[in-house]
Amino acid sequence: MQEPTVADQVVTAEVIIELNRSTTTAVYTPGNTVLQTARMAGLAPPSSCEVGSCGTCMARLTEGGARMLNNDALEDDEVAEGWVLTCQAIPTTPTVRVIYE
């Protein structure tokens, strides 16, 4: 089986974050979570455990996709509705938008 090439991989360019009725577009650094990206953009999103257990950092994914490394807080129906734990969410599409509600 052939290894995927760089051209085969989706490159995320930006993460759009809506927090406290303000929208910020942050440049994405590969490997970072949505929470890390928000902090690097100077934001202070809600967070607590940072291991995917408490749900404090949950936000609704409204554009793009993300894969959670761990999820011990959200129910299957919440994930189906677009909720992610931002401390565990790695973007998987060129643009990702999340709303902290």
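All values reported here derive from a predicted model rather than from experimental measurement. (Residues numbered from 1 in each chain as written. Predicted model: local features only at pLDDT ≥ 70, side-chain atom pairs only at ≥ 80, totals over all residues. Heavy atoms only, no water.)

With respect to the nonpolar core
Within the largest apolar cluster, 21 residues are counted, with the highest numbers of intra-cluster contacts made by Val15, Ile17, Val34, Leu61, Val98 and Tyr100. Residue assignment for this core shows that the elements contributing at least two residues are strand 1 (14-19), helix 1 (34-40), strand 3 (58-63), strand 5 (83-85), strand 6 (89-91) and strand 7 (95-99). Not counting chain neighbours up to four residues away, the residues in contact with Ile17 comprise Ser22, Thr23, Thr24, Ala26, Ala38, Leu43, Val98 and Tyr100. (Core = buried A, V, L, I, M, F, W, Y, C linked by side-chain atoms within 4.5 Å. Buried < 20%, exposed > 50% of the residue type's maximum accessible area, 1.4 Å probe, protein only. Helix = DSSP H or I, 4+ residues; strand = E, 2+ residues; numbered from the N terminus. Contact = heavy atoms within 4.5 Å.)

Focus: the confidence of the model for the protein chain
Of all residues in the protein chain, 91% attain a pLDDT of 70 or more, and the chain-wide mean is 93. Taken together, the stretch residues 1-7 has pLDDT below 50 and engages in 1 contact with residues farther than four places along the chain or on a different chain. (pLDDT = per-residue confidence, 0-100.)

Digging into the side chain of Thr37
Tracing the sequence through the fold places Thr37 in helix 1. At 2.9 Å, the side chain of Thr37 forms a polar contact with the backbone oxygen of Thr33. The contact partners of Thr37, leaving out residues within four places of it in the chain, are Val15, Ala26, Val27, Tyr28 and Asn32. (Polar contact = N/O pair within 3.5 Å; in protein donor to acceptor, adjacent residues only side chain to side chain.)

Some words on the pattern of salt bridges
A full pass over the atoms with the stated rule returns 4 salt bridges. Arg97 is the salt-bridge partner of Glu18, the closest N and O atoms lying 2.7 Å from each other. Placement of the pair is Glu18 in strand 1 and Arg97 in strand 7, with a sequence separation of 79 residues. The salt bridge partner of Arg39 is Glu50, with a shortest N-O separation of 2.7 Å. Of the two residues, Arg39 sits in helix 1 while Glu50 sits in the loop between helix 1 and strand 3, which places them 11 residues apart along the sequence. Arg39 sits in the partly exposed class, given a relative accessible area of 37%. The structure contains a network of salt bridges with shared partners spanning Glu18, Glu63 and Arg97. (Salt bridge = Lys/Arg side-chain N within 4 Å of Asp/Glu carboxyl O.)

Considering the sheet that holds strand 5
Read from one edge to the other, the open sheet built from 5 strands follows the order 2-1-7-3-5, with strand pairing classed as mixed. Single-partner strands in this sheet number two, and they are strand 2 (22-27) and strand 5. On average, each strand axis in the sheet is inclined to that of its neighbour by 35°, with strand direction left out of account. Both strand 1 and strand 7 contribute to a ladder of 5 bridges, which runs parallel. Looking across to strand 7, one finds that Ile16 is bridged to Arg97. (Pairing = 2+ DSSP bridges. Axes fitted to C-alpha atoms, helices over the stretch in contact; angles between N-to-C directions.)

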